[in-house]
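An overview of the molecular structure
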Amino acid sequence: MKRINDHISVSGQIQPEDIAALKAQGFTTIINNRPEGESPDQPDGAEIEAAARAAGLGYYAIPLGREGVSPAMVEATKAALEGSNGPVLAFCRSGTRSTTLWALSQAGELDAGEIIAQAAEAGYDMSHLAGHLSRD
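Residues numbered from 1 in each chain as written. Predicted model: local features only at pLDDT ≥ 70, side-chain atom pairs only at ≥ 80, totals over all residues. Heavy atoms only, no water.

1. What to know about the nonpolar core
Counting residues in hydrophobic clusters, the biggest one holds 26 residues, and the most contacted among them are Ile 31, Trp 102, Ala 103 and Leu 133. Contributing elements (two or more residues each) for this core: β2 (8-11), α3 (71-83), β5 (88-91), α4 (96-105) and α5 (112-121). With near-sequence residues (within four places) excluded, Ile 31 lies in contact with Tyr 60, Ile 62, Ala 80, Leu 81, Val 88, Leu 89, Ala 90 and Phe 91. Ile 14, Ile 30, Ala 55 and Phe 91 belong to the second largest nonpolar core, which has twelve residues in total. (Core = buried A, V, L, I, M, F, W, Y, C linked by side-chain atoms within 4.5 Å. Buried < 20%, exposed > 50% of the residue type's maximum accessible area, 1.4 Å probe, protein only. Helix = DSSP H or I, 4+ residues; strand = E, 2+ residues; numbered from the N terminus. Contact = heavy atoms within 4.5 Å.)

Encoded structure:
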């Protein structure tokens, strides 16, 4: 798990049994950015959702697959972040897609350089998005 800022962290695939530990760490919302069936060893998103809801956590499925990023995904990410009442964990296979959606959802909210720097601190290079992150 990699912390981008006080509000969001990203990680690779989580398991339903990880939810209790995530709640204990203070997370209030889970965002699943992994498409169903992407990998044979991947748990079903519904199992993760059920565990999250049973633990009292918010849960959003915003899968980002081969079709690429859409404006609806960016808006859904922004809404999920704004609707959370505490720290958010977004996950995919490696955390890169989750970081990408977070970065794009912050365009116009944060300076492009700040978005890129926060992502870089967590180990993700989002410099290729610079043109999409500016307020212009």
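2. Focus: α4
In terms of burial, α4 is largely enclosed, as nine of its ten residues are buried. Where α4 is buried, its residues meet β2, α3, β5, α5 and α6 (130-133).

3. Looking at the packing of aromatic side chains
Here the structure, examined in full by the defined rule, presents zero aromatic pairs. Over the ring of Tyr 124 we find Lys 2, and its NZ or CZ is 5.0 Å from the ring centre. (Phe/Tyr/Trp six-rings, centres within 6.5 Å; stacked < 30°, edge-to-face > 60°. Lys NZ or Arg CZ within 6 Å of the ring centre and 35° of its normal.)

4. Some details on the sheet that holds strand β1 (residues 2-3)
Backbone hydrogen bonds hold the strands of a sheet together, and the pairing may be parallel or antiparallel. Within the open sheet, the five strands sit side by side as β1-β2-β5-β3-β4. Their pairing is mixed. Strand pairing shows two members of the sheet lacking a second neighbour, β1 and β4 (58-61), which therefore form its edges. In this structure, strand β3 (residues 29-32) lies alongside β5, joined through four bridges in parallel fashion. Bridge pairing in β5 links Ile 30 to Leu 89. With respect to the sheet, helix α2 (residues 45-54) is in contact with β3, β4 and β5, its orientation differing from that of β4 by roughly 160 degrees. (Pairing = 2+ DSSP bridges. Axes fitted to C-alpha atoms, helices over the stretch in contact; angles between N-to-C directions.)

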